[in-house]
Amino acid sequence: MRSVNDLRSSQSTLSAAPSIPNSKSQTSIASSHSHTSQKSTLSIKSKDSDAPLTREEIIAAYLEKAKWYTSVCLGTTAILSVFAFLFLIPFVVDPAISALTLDFQSEPVTCVVSEHIYFEGITNCTWSSCREGCTNAQTRCHQLTVNYTKILYKDWVKNPIDLELVDWDVADTRFLINTEGCGYPPFVNCTNFAKEYGHNNVGTKTFPCYYSRAEQQKVVARFNVSETIKHLILSIIIPNVLFAISIGVLSYWYCPCSKNCSRKPRVYAEFPSAKEKKIKSWEIEYEYESEECINKL
């Protein structure tokens, strides 16, 4: 007959036997749950990747594109403004400054052409009253000389005087179309200039002219103080302002100043103050006392 201990051992074995398949089933269920959870996360990610862009993202993309195109335009503007200013220096800035330096009479006086000569050849055209182009060499030139009196032309028109009786202030001086003596069509046409002041009008027709107070031998047919100052200011301000604005905006966008810009630079050669020395000595004493307490323990 079996003892009580044998019966108990058999029961324990029987009760423990079904635990193996239960553990397997639990692991399989857990693995299936993990697989389903992974699938669900993957499906969520795929849905997020395929989702349309939001309104904020679309606006940000358009702003980034607009910033890029604006940067290209500003860079081009800065380069062109530099070249424009360099181009305006010899053609506008320098003549305007020289005209203001010569101090031409603001109101026209009375002039009459005393001689008109037409030359051909570079050797003969040492100077010219009118040149179409300020850089090219002249092979044909009109040379006009004038006599002028300081009587204002508006007063002369009211009370004309016989030309043979006039006491001219300056006689037989060079006559130029403008302060530079040159220009470009359609503003400067030397053929029309010669017809208007020379040819049959020599010694017979008076006209308004402007003489220089600094050099009284210089006489011109066209001069306007306000326009000269306006052209000088515009030729200096417009290119420089465009260049400054373009470079300023580009620097603000692509070279931003960090928060550390406002901080003062640290000088490593400075010696510690008396307060810093006391604090450091207290820290050293505290560390030394703490080490002694640890050693005693």
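Conventions we followed
Residues numbered from 1 in each chain as written. Predicted model: local features only at pLDDT ≥ 70, side-chain atom pairs only at ≥ 80, totals over all residues. Heavy atoms only, no water. Helix = DSSP H or I, 4+ residues; strand = E, 2+ residues; numbered from the N terminus. Expected span 1.5 Å × (residues − 1). Buried < 20%, exposed > 50% of the residue type's maximum accessible area, 1.4 Å probe, protein only. Contact = heavy atoms within 4.5 Å. Phe/Tyr/Trp six-rings, centres within 6.5 Å; stacked < 30°, edge-to-face > 60°. Lys NZ or Arg CZ within 6 Å of the ring centre and 35° of its normal. Pairing = 2+ DSSP bridges. Axes fitted to C-alpha atoms, helices over the stretch in contact; angles between N-to-C directions.

Observations regarding helix 6 (residues 225-254)
Look at helix 6: 44 Å from first C-alpha to last across 30 residues, which is about the 44 Å you get at 1.5 Å a residue. Of the positions making up helix 6, those classed as buried are Thr228, Leu232, Ser235, Pro239, Ser246 and Leu250. Lining the buried residues of helix 6 we find helix 3 (55-102).

Digging into the packing of aromatic side chains
The geometry of an aromatic ring pair is captured by two quantities: the separation of the ring centres and the angle between the planes. What the rule picks out here adds up to 11 aromatic pairs. On the numbers, 5.2 Å between centres and 20° between planes, the contact of Tyr148 with Tyr211 is stacked. With a gap of 63 residues between them, Tyr148 in strand 3 (residues 140-152) and Tyr211 in strand 6 (residues 206-211) connect regions that are remote in the sequence. Each member of the pair, Tyr148 as well as Tyr211, carries the same accessibility label: buried. Feature note: the residues Phe175, Phe193, Tyr197 and Phe207 constitute an aromatic cluster, connected by ring pairs. Directly above the ring of Tyr254 sits Lys67, whose terminal nitrogen or CZ lies 5.2 Å from the centroid.

Points about the side chain of Thr228
Structurally, the position occupied by Thr228 is in helix 6. Judged by its relative accessible area of 13%, Thr228 is buried.

A word on the sheet that holds strand 1 (residues 109-120)
Reading around the barrel, the 5 strands line up as 1-3-4-7-6 and close back on themselves, with mixed pairing between neighbours. Relative to strand 3, strand 1 runs antiparallel, the two being bridged by 11 bridges. Within the sheet, the bridge partner assigned to Cys111 lies in strand 3 and is Tyr148. Helix 5 (residues 190-197) contacts strand 1, strand 3, strand 4 (170-176) and strand 6 of the sheet and is inclined by roughly 45° relative to strand 3.

Thoughts on the pairing of strand 6
The buried count for strand 6 comes to 5 of 6 residues, which makes it a mostly enclosed element. Bridging between strand 1 and strand 6 involves 4 bridges; their strand directions are antiparallel. When the bridges of strand 6 are listed, Thr110 appears paired with Pro208. In this sheet, strand 7 (residues 219-220) lies alongside strand 6 in antiparallel orientation, the contact comprising 2 bridges.

Some points on helix 3
Spanning 48 residues, helix 3 covers 65 Å between terminal C-alpha atoms, matching the ideal 70 Å at 1.5 Å per step. The complete set of buried residues in helix 3 reads Ser71, Leu74, Ala78, Ser81, Val93, Pro95, Ala96, Ala99 and Leu102. Buried residues in helix 3 make contact with helix 6. Note on helix 3: the residue one or two positions beyond its end, Asp103, has a positive phi of about 60°.

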